[in-house]
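Per-entry structural report
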Amino acid sequence: MPPLPPQDFLFLPISSAPAQPLHLTLKTSSSWTYCGPLLPLDALDGCKSDAASSSSSSSSSSSSSCPSSSSSSPAATGASLPPSFHSWASHTIAGPSPASRLLAALVPLLRSAHAFLREHGVRHYWLTLRASRPTADFDVPRWHTDDNFFAAPRRPDDDPDAEDAPGLWKLCAALQGPGTLFLSGGEAGRRALGDAKRKARREQEARPHVCTTVRCKACGATSDRVREEVARVLAREQERGAVAVVQPRAGEEMAFFRVGGREGAVHSEPRHDVDRVFVNIIPGREEELRGLMRRWGMEFPRSWSLGVPVSMPMELEMGDGDRERDETAMQEQRSVVVV
């Protein structure tokens, strides 16, 4: 088995990527997630090859031309992706054959990702597709390193600086819209991030308070101060050439990046004023992923979507690796379709 790339992040090419960029119009911001064995892709080639003709069709149907599995299993069969994928796509993407058009870009990415995963002994993953309408939330970058996805929830008295995730990593890619921002010169970025967090934590400790709501204004103010301080310090580091901001090309490259405060890649969601489709892949051993699903009372394998019409209520939201934000979101009831 070859070693993983030594860098904290590396952009990898997506083989057989479509010559034309993806042009999807989103009806809403939502996400689709699958947790289980690597999805079988052979049966999707027909869907991918039909994408061009489907996109030019005058049909007003919003259902996918790709087959849906009739199996009761939540995992994908050799005939299709999980049914929840097609339901999510039809509610999220405007126009005819939404799943087919998305698969034209998604299948090449998954083939390249699966090849990399198998090369490094990975057979299971947590896969999330996130569709986002334009937002101003990230006009100021939210620089961070991702937490250890499989670690136990952090206790209030834990030292945030002590957390680490040696050897853990992820893959991500934008199929449409701007790519994730990555900070080269990672050590300088991690140092600035750590300094800003410690400064904000000292300020917060000087003004103790009791959180009375899920979205605590005082905690939010601390988060904003961290964000502003990191942006200020990193802007200074960029001016003197210590760090630089780079992005993988949408639909053409995926990013390998490490996780954790000590060796993790410093990155941020990009500023985006266009519809964006983003893919996040968390590799894991079967027992790790089973344990994670069991923690939330869910079966394995499983797929579900968030932000689409209600099928059943569930208090679950998974974000992009920032555990404090994700745990807060998980406390807010959302509509989720689970299949």
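Please refer to the structure placed before this passage.
Predicted model only: the values in this text are computed from it and were never measured.

Reading the values: the criteria
- Residues numbered from 1 in each chain as written.
- Predicted model: local features only at pLDDT ≥ 70, side-chain atom pairs only at ≥ 80, totals over all residues.
- Heavy atoms only, no water.
- Helix = DSSP H or I, 4+ residues; strand = E, 2+ residues; numbered from the N terminus.
- Buried < 20%, exposed > 50% of the residue type's maximum accessible area, 1.4 Å probe, protein only.
- Contact = heavy atoms within 4.5 Å.
- Areas by Shrake-Rupley, 256 points an atom, 1.4 Å probe, with all protein chains shown as cover.
- Pairing = 2+ DSSP bridges.
- Salt bridge = Lys/Arg side-chain N within 4 Å of Asp/Glu carboxyl O.
- Expected span 1.5 Å × (residues − 1).
- Bend = angle between axes of the 7 residues up to and from the residue.
- Arc of directions from axis to C-beta.
- Core = buried A, V, L, I, M, F, W, Y, C linked by side-chain atoms within 4.5 Å.

**Quick look at the overall build of the protein**
- When helices and strands are counted, the protein shows 8 helices and 12 strands.
- Buried residues in the protein amount to 50% of all 339 residues.
- Across the protein, the fraction of contacts at a sequence separation of at least 24, relative to all contacts at a separation of at least 6, is 84%.
- As displayed, the protein has an accessible area near 15600 Å², and 51% of this comes from carbon and sulfur atoms.

**Quick word on the pairing of strand E5 (residues 181–184)**
- Where E5 lies against strand E8 (residues 267–268), 2 bridges are found, and the strand directions are antiparallel. For Phe182, the partnering residue across the bridge sits in E8 and is His267.
- Bridge count for E5 against strand E6 (residues 244–246) is 3 bridges, and the pairing is antiparallel. In the strand pairing of E6, Ser184 is matched with Ala244.

**Focus: the sheet that holds E8**
- In space, the 3 strands of this open sheet follow the order E6-E5-E8, with antiparallel pairing throughout. Whereas interior strands pair on both sides, the edge strands pair on one side only; in this sheet they are E6 and E8.

**A closer look at the pattern of salt bridges**
- For the structure shown, the criterion picks out 16 salt bridges.
- Measuring nitrogen to oxygen at the nearest pair gives 2.5 Å for the salt bridge that ties Glu269 to Arg142. Of this pair, Glu269 sits in the loop between E8 and strand E9 (276–284) while Arg142 sits in the loop between strand E3 (124–132) and strand E4 (169–176); the two residues are 127 residues apart in sequence, bridging distant segments of the chain.
- Owing to a relative accessible area of 11%, Arg142 belongs among the buried residues under this scheme.
- Put simply, Glu229 and Arg232 hold a salt bridge, and the shortest N to O gap is 2.6 Å. Here Arg232 and Glu229 lie together in helix H6 (residues 217–239), a separation of 3 residues that amounts to about one turn.
- In the salt-bridge network here, residues are joined through shared partners; they are Asp8, Glu187 and Arg190.

**Description of helix H4 (residues 98–119)**
- Its 22 residues give H4 an end-to-end C-alpha distance of 31 Å, which sits within 8% of 32 Å, the value for a rise of 1.5 Å per residue.
- Roughly 40 degrees is the biggest bend found in H4, and it falls at Ala104, with proline Pro108 one to four residues downstream.
- Judged by how many residues are buried, H4 sits mostly within the fold: 18 of 22 residues are covered.

**Some words on helix H7 (residues 286–295)**
- Regarding H7, the residues found buried are Leu289, Leu292 and Met293. Seen from one end, H7 has its buried residues packed into an arc of 95 degrees, which puts them on one side. Facing away from the buried surface of H7 by more than 90 degrees, the exposed residues are Glu287 and Arg294.
- Once H7 ends, the next one or two residues include Gly297, with phi positive near 70 degrees.

**Examining the nonpolar core**
- Core analysis: the biggest nonpolar cluster contains 41 residues, and Phe85 and Leu102 have the highest contact counts within it.
- Taken together, the elements giving at least two residues each to this core come down to strand E2 (30–37), helix H3 (83–92), H4, E3, E4, strand E7 (253–258) and E9.
- It is H4 that provides the largest number of residues to this core, a total of 11 residues.
- Non-local contacts of Leu102, meaning those with residues more than four positions away in its chain, are made with Leu22, Leu24, Phe85, Trp88, Ile93, Leu129, Leu175 and Val277.
- Core analysis: the next-biggest nonpolar cluster, separate from the first, contains 14 residues, Leu181, Leu183, Leu193 and Leu234 among them.

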